[in-house]
Amino acid sequence: MPLKLLKCDETIPEREKHVYIKEKGEDTTQFLPLSNIETIPGSLSERGCSYCGAKLVIGGVLKDTIQMIHGPIGCAYDTWHTKRYPSDNGHFQLKYVWSSDMKESHIVFGGEKQLKKSILEAFAEFPDIKRMIVYTTCATALIGDDIRAVVKSAQKELGDVDIFCVECPGFAGVSQSKGHHVLNIAWINEKVGTFEPEITSPYTINVIGDYNIQGDTFVLEKYMEKMGVQIIAHFTGNGTYDALRGMHRAQLNVTNCARSAGYIANELKKRYGIPRMDVDTWGFDYCQEALRKIGAFFGIEERAEAVIAEEVAKYQDRMNWYKERLKGKKVCIWTGGPRLWHWTKALEDDLGMQVVSMSSKFGHQEDFEKVIARGQEGTIYIDDGNELEFFEVLEMIRPDVVLTGPRVGALVKKLHLPYINGHGYHNGPYMGFEGAVNMARDLYNAIYSPLMNLAGIDIRDDETKKFLFSEDVK
Ligand code: CFM
């Protein structure tokens, strides 16, 4: 039965269909919360815009590519300082921000000349860089700037550069999820198959849907190297523009974030016959399963077992130590979508924690199917949650720790509850074996930190709760 959250019910009754509590023995597919639809006006959504899904999540990760944002400078705000996807070439992609810096006069008279000038200027400023992605934004899409024509003429003039256009303004869809889709499909249509990679191993894969948050990609790259598997393209953690043009040459697509990159994996299967293998690369047990699946695909099981044995020997003791201290602790996972289903069982099985609430900003129905199938009974599942609902959930279940982003995190902190950045983590990597230990360490440090007690207030204490949530305080 869907859950009636009291405050939202008073303010926005339609929100009721976006929340669900799993009950015993229920056919959960009958009770999926509504998702991937427009945010209800008046609900303070935590979603990002569609341009953000293309630029900030996928394209901007590439380490050898100029990211030209065709729009007012505000659209370039959410860039290098808010995401942590390093690279092994000195983090070129995190050091610079490029924008055509549209002003009012460009909006009135058109911004194409300004874009052309910006493209030429950027390449002149970085003579070693020959690759660029140009993004439209709401302002430039609304005035109808023809970025493809501009790019064509700039390419002709410069000769040796390759530029990719992403036409996905902020308003193109209901969330960042639309931006994932637009970039995936445009890339396979226009760029895959235009570059021939050098093949150095009989076992080749693309790693799809991992964005090197705090070094996640480096961990996966290390395992693959030990197994003798060549990664043709990493979509897009620590990735290069040309490697992604050669994705058609891999024998297997290993897909982690199916939400943001399942599209390109499906198209590679359809157009080039490359099988798609979904894996979970977060989680101690899951990672073993993932390596075993890849090993079995290529018939190199013993290599996978060797990597697993080495890593387990290194990290199992530490995992056990944390499990001892984390078991039974209540945790909320409030992130984008896929991390809900990747993390819930990992935290429960690896560490004995109890995931009591999961909120997805933009997950689709298939994400909720996986989330709810892997989640516990009694857990609260929310689509596109808002501040009132988060407050109410905290009040209801009083978790020990919340994994979420800095915006909701600030809210959680105000209630003197610990939160950990579950998006662009601060102490990652969180992927693989060492990542699972890092995550356990951060959960432990957050829960056992004396800081909350020093503040003299603890939401888990009944008196405090009564005070914090009394009508007067609200
Ligand atoms: Fe995939 Fe991501 Fe996520 Fe995502 Fe995101 Fe992200 Fe996320 Mo923040 S690609 S869907 S759009 S795993 S940025 S690296 S953490 S909301 S759950």
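Preceding this paragraph is the structure being described.
Computed from a predicted model, the values in this text were never measured in an experiment.

Caption draft 1: Up close: the overall build of the protein chain. Secondary structure assignment for the protein chain yields 20 helices and 14 strands. For a compact globule of 474 residues, the expected C-alpha radius of gyration is about 23 Å, and the protein chain comes in at 23 Å, within 12% of that figure. Each of the three principal axes of the protein chain carries a C-alpha extent, and together these read 70 × 60 × 45 Å. Out of the 474 residues in the protein chain, the part that is buried amounts to 58%. The long-range share in the protein chain, meaning contacts at least 24 apart out of those at least 6 apart in sequence, stands at 73%. Of the roughly 19600 Å² of accessible surface on the protein chain, 53% is carried by carbon and sulfur atoms. Of the side-chain charges in the protein chain, 56 are positive and 66 negative, and the distance between the mean point of each set is 2 Å.

Caption draft 2: Broad picture of the state of the cysteines. Considering all chains together, one arrives at 0 disulfides under this definition. The closest cysteine sulfur to the non-disulfide-bonded Cys49 is located on Cys52, 5.4 Å from its own sulfur. Cys138 takes part in no disulfide bond, and the closest cysteine sulfur, belonging to Cys49, lies 6.2 Å away. With relative accessibility at 30%, the residue Cys138 sits in the partly exposed group.

Caption draft 3: Region of interest: the packing of helix 14 (residues 338-351) against helix 15 (residues 365-374). It is the contact of helix 14 with helix 15, at a shortest axis distance of 8 Å, that shows an interaxial angle of 10°. Between helix 14 and helix 15, the angle falls in the class roughly parallel. Contact residues: Leu340, Trp341, His342, Thr344 and Lys345 in helix 14; Asp367, Lys370, Val371 and Arg374 in helix 15. Residues belonging to the contact of helix 14 with helix 15 are distributed by class as follows: 3 nonpolar, 2 polar and 4 charged.

Caption draft 4: Geometry of the packing of aromatic side chains. Counted by the stated rule, this structure contains 21 aromatic pairs. Here the aromatic rings of Trp98 and Phe126 are separated by 5.7 Å at their centres, their planes lie at 75°, and the arrangement is edge-to-face. Of this pair, Trp98 sits in strand 3 (residues 98-99) while Phe126 sits in the loop between helix 5 (112-125) and strand 4 (131-136), placing them 28 residues apart in sequence. The exposure class of Phe126 is buried, given its relative accessible area of 15%. What links up through ring pairs into an aromatic cluster is the set Phe92, Tyr96, Trp98 and Phe126. A cation over an aromatic ring shows up here: Arg325 above the ring of Trp321, its NZ or CZ 3.6 Å from the ring centre. In this structure, Lys370 packs its charged tip against the face of Trp341, placed 3.8 Å from the ring centre.

Caption draft 5: Molecular detail of helix 2 (residues 50-58). Burial of helix 2 is extensive: 9 of the 9 residues sit out of reach of the surface. Every buried residue of helix 2 is accounted for by Ser50, Tyr51, Cys52, Gly53, Ala54, Lys55, Leu56, Val57 and Ile58. Residues of helix 2 that are buried make contact with strand 2 (66-70), strand 4, strand 5 (162-166), helix 8 (176-190), strand 7 (230-236) and helix 11 (258-272).

Caption draft 6: The pairing of strand 11 (residues 354-360), seen in detail. By the criterion of burial, strand 11 is predominantly enclosed, with 6 of the 7 residues buried. Two strands pair when backbone bridges link them, and strand 10 (residues 330-335) and strand 11 are joined in this way by 6 bridges, in the parallel orientation. Paired with Lys330 across the two strands is Gln354, which belongs to strand 11. Viewed along the sheet, the connection from strand 10 through helix 14 into strand 11 turns out right-handed. Between the parallel pair strand 11 and strand 12 (residues 380-383), the chain is carried across by helix 15, and the sense of this crossover is right-handed.

Caption draft 7: Expanded view of the nonpolar core. In terms of nonpolar packing, the biggest core is built from 98 residues, with Phe235 and Leu347 touching the most fellow members. Excluding its chain neighbours within four sequence positions, the residues that come into contact with Leu347 are Val331, Ile333, Gly352, Met353, Val355, Leu403, Met439 and Leu443. Grouped together as the second largest cluster of nonpolar side chains are 19 residues, Ile66, Ile119, Val151 and Cys165 included.

Caption draft 8: Main features of the pattern of salt bridges. In the structure shown here, the tally under the stated rule is 28 salt bridges. A salt bridge links Lys116 to Glu157, with the shortest nitrogen-to-oxygen separation between them at 3.0 Å. Of the two residues, Lys116 sits in helix 5 while Glu157 sits in helix 7 (residues 147-158), which places them 41 residues apart along the sequence. The class for Glu157 is exposed, based on a relative accessible area of 51%.

Caption draft 9: The arrangement of the sheet that holds strand 5 in detail. On the basis of which strands lie adjacent, the open sheet formed by 4 strands has the order 3-2-4-5 and parallel pairing. Only two strands of the sheet have a single neighbouring strand rather than two, namely strand 3 and strand 5. Where strand 2 meets strand 3, 2 bridges bridge the pair, whose relative direction is parallel. Bridging from a neighbouring strand, Met68 pairs with Trp98 of strand 3. The sheet strands contacting helix 5 are strand 2, strand 3, strand 4 and strand 5, and the helix crosses strand 2 at an angle near 160°. Taken strand by strand, helix 7 contacts strand 2, strand 4 and strand 5, and its axis lies near 175° from that of strand 5.

Caption draft 10: Inspection of the pairing of strand 12 at higher detail. Residues Ile380 and Ile382 point to one face of strand 12 and Tyr381 and Asp383 to the other, with burial holding for every one of them. Pairing between strand 11 and strand 12: 4 bridges, direction parallel. Residue pairing across strands places Ser359 opposite Ile382, the latter belonging to strand 12.

Criteria and thresholds
- Residues numbered from 1 in each chain as written.
- Predicted model: local features only at pLDDT ≥ 70, side-chain atom pairs only at ≥ 80, totals over all residues.
- Heavy atoms only, no water.
- Helix = DSSP H or I, 4+ residues; strand = E, 2+ residues; numbered from the N terminus.
- Rg over C-alpha atoms; globule rule 2.2 N^0.38 Å.
- Buried < 20%, exposed > 50% of the residue type's maximum accessible area, 1.4 Å probe, protein only.
- Contact = heavy atoms within 4.5 Å.
- Areas by Shrake-Rupley, 256 points an atom, 1.4 Å probe, with all protein chains shown as cover.
- Lys, Arg positive; Asp, Glu negative; His and termini not counted.
- Charge placed at Lys NZ, Arg CZ, Asp CG, Glu CD.
- Disulfide = S-S within 2.5 Å.
- Axes fitted to C-alpha atoms, helices over the stretch in contact; angles between N-to-C directions.
- Parallel < 35°, antiparallel > 145°, perpendicular 65-115°, else oblique.
- Nonpolar A, V, L, I, M, F, W, Y, C, P; charged D, E, K, R; others polar.
- Phe/Tyr/Trp six-rings, centres within 6.5 Å; stacked < 30°, edge-to-face > 60°.
- Lys NZ or Arg CZ within 6 Å of the ring centre and 35° of its normal.
- Pairing = 2+ DSSP bridges.
- Right-handed = clockwise from strand over helix to strand, strands pointing away.
- Core = buried A, V, L, I, M, F, W, Y, C linked by side-chain atoms within 4.5 Å.
- Salt bridge = Lys/Arg side-chain N within 4 Å of Asp/Glu carboxyl O.

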